[in-house]
Amino acid sequence: MQQNLPQLPVITLEKLTALIASWGVPNYRAKQVLQWRNRGILNPADMLNIPEELRERLSSSLVCEPLKLVQRQCSSDGTRKYLFMLTSGRLKGKMVESVYIPEEKRGTVCISSQVGCVLDCPFCHTGTQDFEGNLSSGEIIAQVLAVKHDLLKEPLAAELNASVTHVVYMGMGEPLANEEGVHESLSSLTDPDGLKLSKRRITLSTSGLVPQIDRLGEVASVNLAISLHAAENRLRDALVPINRKYPLQELRQCLNRYSLGKQRHITLEYVMLDGINDRPEDVELLAGFVNLDRERVNLISFNTYPGSSYTGSSKQHMNEFAKQLISKGIRATVRRSRGQDIMAACGQLKAGNRAENRES
Ligand code: SF4
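Quick caveat: nothing in here was measured; it's all calculated off a predicted structure.

**Student:** Got a minute to help me understand the site of the ligand in this structure?
**Tutor:** Taken together, Cys117, Leu119, Asp120, Cys121, Cys124, Gly127 and Gly173 make up all the residues around the ligand. Along the lines of polarity and charge, the residues of the shell around the ligand split into four nonpolar, two polar and one charged.

**Student:** Explain the packing of helix α2 (residues 28–39) against helix α4 (residues 137–153) here, please?
**Tutor:** Between two packed helices, the angle of one axis relative to the other and the distance separating the axes together describe the packing. Running from amino to carboxyl end, α2 crosses α4 at an angle of 80°, the nearest separation of the two axes being 7 Å. With respect to α4, the axis of α2 lies roughly perpendicular. Contact residues: Arg37, Asn38 and Arg39 in α2; Leu145, Lys148, His149 and Leu152 in α4.

**Student:** Mind showing me how you'd approach the layout of surface pockets here?
**Tutor:** Space left empty within the atom packing is revealed by a probe, the size of a water molecule, rolled over the atoms. Estimated volume of the second largest pocket: approximately 760 Å³. Around the second largest pocket sit 28 residues that line it, and Gln7, Ser136, Ser137, Gly138 and Glu184 are the ones nearest its centre. Looking at the lining of the second largest pocket element by element, the count peaks at five residues for helix α5 (residues 179–190). A class-by-class count of the residues in the lining of the second largest pocket yields seven nonpolar, 15 polar and six charged. Formed jointly, the lining of the second largest pocket draws a minimum of three residues from each of two domains, domain 1 (2–61) and domain 2 (67–359).

**Student:** Sorry, what's going on with the sheet that holds strand β1 (residues 67–74) here?
**Tutor:** Sheets are built from strands that pair by backbone hydrogen bonding, the pairs being arranged parallel or antiparallel. Strand order in this open sheet of 10 strands is β1-β2-β3-β4-β7-β8-β9-β10-β11-β12, and the pairing throughout is mixed. Each of the sheet's edge strands pairs with one partner strand only, and the pair in question is β1 and β12 (332–334). Looking at each pair of strands side by side, their axes are set apart by 20° on average, direction ignored. Examined bridge by bridge, strand β4 (residues 107–110) and strand β7 (residues 166–169) share three bridges and lie parallel to one another.

**Student:** What is the right way to read the domain arrangement of the protein chain from this model?
**Tutor:** Many descriptions give the size of an interface as the accessible area lost when the pieces come together. Along its sequence, the protein chain is organised into domain 1 (2–61) and domain 2 (67–359). Averaged C-alpha coordinates put domain 1 and domain 2 at centres separated by 32 Å. Counting residues at the interface gives 14 residues for domain 1, matched by 19 residues for domain 2. In this assembly, domain 1 packs against domain 2 so that about 1300 Å² is buried in total across both faces, 56% of it on carbon and sulfur atoms. At the junction of domain 1 with domain 2, the criterion picks out zero salt bridges.

**Student:** I keep staring at the packing of aromatic side chains and nothing clicks. Help me out?
**Tutor:** Each pair of aromatic rings is reported with the distance of its centres and the angle of its planes. Applying the stated criterion across every chain, the model contains four aromatic pairs. Taking 5.8 Å as the distance between ring centres and 25° as the angle between the ring planes, the aromatic pair formed by Tyr270 and Phe321 counts as stacked. Here the residue Tyr270 occupies a position in strand β10 (residues 266–272), and Phe321 occupies one in helix α10 (residues 315–327), the gap between them amounting to 51 residues. In this structure Tyr270 comes out as buried when scored by relative accessible area, which is 1%. Ring centres of Phe302 and Tyr310 lie 6.4 Å apart, and the angle between their planes is 75°; on these two criteria the pair is classed as edge-to-face. Of the residues examined, Phe302 reaches a relative accessible area of 12% and is grouped as buried. Put simply, the rings of Phe302, Tyr305 and Tyr310 pair up and form one aromatic cluster.

**Student:** Any chance you could explain the nonpolar core here in plain terms?
**Tutor:** Here is a general trend for soluble globular proteins: nonpolar side chains tend to be buried in one another's company. Judged by nonpolar contacts, the single largest core of 99 residues is most densely connected at Tyr169 and Val297. The element contributing the most residues to this core is α4, with seven residues. A domain split of this core shows at least three residues from each of domain 1 (2–61) and domain 2 (67–359). Aside from chain neighbours lying at most four places away, what touches Val297 is Leu268, Tyr270, Leu286, Val290, Leu325, Ile330, Arg331, Ala332 and Thr333.

**Student:** Even after reading the chapter, I still don't get the packing of helix α9 (residues 280–289) against α10, so can you show me in this structure?
**Tutor:** Viewed as axis vectors pointing N to C, α9 and α10 meet at an angle of 40°, and their least axial separation amounts to 10 Å. For the element pair α9 / α10, the angle class is oblique. The hand of the α9/α10 crossing is right-handed. Of α10, the residues touching α9 (which contributes Asp282, Val283 and Leu286) are Phe321, Gln324 and Leu325. A per-class count over the contact of α9 with α10 returns four nonpolar, one polar and one charged.

**Student:** What exactly am I supposed to notice about the environment of Phe84 here?
**Tutor:** Here Phe84 is to be found in strand β2 (residues 80–86). Phe84 gets classed as buried once you look at its relative accessible area, which sits at 2%. As for Phe84 and Val70, which are separated by 14 residues in sequence, their C-alpha atoms are 5.3 Å apart. Other than its neighbours up to four places away in sequence, Phe84 contacts Leu67, Lys68, Leu69, Val70, Lys94, Met95, Val96, Ser98, Gln143 and Ala146.

Parameters and conventions
- Residues numbered from 1 in each chain as written.
- Predicted model: local features only at pLDDT ≥ 70, side-chain atom pairs only at ≥ 80, totals over all residues.
- Heavy atoms only, no water.
- Near = heavy atom within 4 Å.
- Nonpolar A, V, L, I, M, F, W, Y, C, P; charged D, E, K, R; others polar.
- Axes fitted to C-alpha atoms, helices over the stretch in contact; angles between N-to-C directions.
- Helix = DSSP H or I, 4+ residues; strand = E, 2+ residues; numbered from the N terminus.
- Parallel < 35°, antiparallel > 145°, perpendicular 65-115°, else oblique.
- Contact = heavy atoms within 4.5 Å.
- 1 Å grid on protein atoms, 1.4 Å probe; cavity = no way out; pocket = protein on both sides within 12 Å on 5 of 7 lines; lining within 4 Å.
- Points joined across faces, edges and corners; volume = space filled by probe spheres on them.
- Domains from an automatic or database assignment.
- Pairing = 2+ DSSP bridges.
- Buried area = accessible area lost by both parts, 1.4 Å probe.
- Salt bridge = Lys/Arg side-chain N within 4 Å of Asp/Glu carboxyl O.
- Phe/Tyr/Trp six-rings, centres within 6.5 Å; stacked < 30°, edge-to-face > 60°.
- Buried < 20%, exposed > 50% of the residue type's maximum accessible area, 1.4 Å probe, protein only.
- Core = buried A, V, L, I, M, F, W, Y, C linked by side-chain atoms within 4.5 Å.
- Left-handed = near helix turned anticlockwise from the far one by under 90°.

Listed below in structure tokens is the structure:
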């Protein structure tokens, strides 16, 4: 069955070397194949220094390209948003989104870990879509590789960074509800024979699954971002329903024990919703929750979507809210919104594409 084949995006040098050795191919060819792979070239037919016979064998023995690009949108600020279709396995034909965000000195890929999400946060567009399943590690890493390939084929304007220096798990899905796929993908991202990214350059965003955060800390203590959005249980129960299972007191203790390297911090993400969580008392509640030594707050503007019953706080109000947090000694920033002209928030391209398909 195809889904049991090894996946080229995440196969280790050791495993690929053993596989091709069993075909009588010399070891150095495995390194050559991974050099192509790490640049984003997944189709063996494009691996120019690989003999034809080996290319064919790779194509038939591995899942080489688990994703097919369906749509790409480019923002005037250089942000690129991608819609991919899964090409094999249980989720064949389903769609996921990824985003590339270029800045002067860094290039960040935001990746999805699930198709849909089970957690139903009411302000989130992905939460309104059906949960279809977990992505495999190969399907997660293939998003990073597909973005690299796209940047090779069509570079960005010279003033923007056109390489992948950072990866964030902030796309569709709750990464820690897919521990197997996500843990494996993290070891592939940091593999010295793979994408060689330092843990400092990887951020995982979670809604706050306490036992899973503890396990992440043991396996790969990458940067952590928490979708906080409220600092009192009653409101957070409504906005982030997993809070009913792991309330703020438990989350607090868990974050205090998460292992952080030097000069690293946990980011508390706070989507600002007009009249809901942007009241004067919310400043006080947040100030009471934040661990000043280890955490900073990132205020995020709400990207509205069709059918949403929420409205985002005004820019002016967000700045004022940030100022008040800062006056209490909290490191707070208002996140610069990127790719607004292409609606670059998770779940929106997929939903738009489904609507187009329905209309056609
Ligand atoms: S905010 Fe995150 S955890 Fe909540 S529904 Fe959306 S994708 Fe899932």
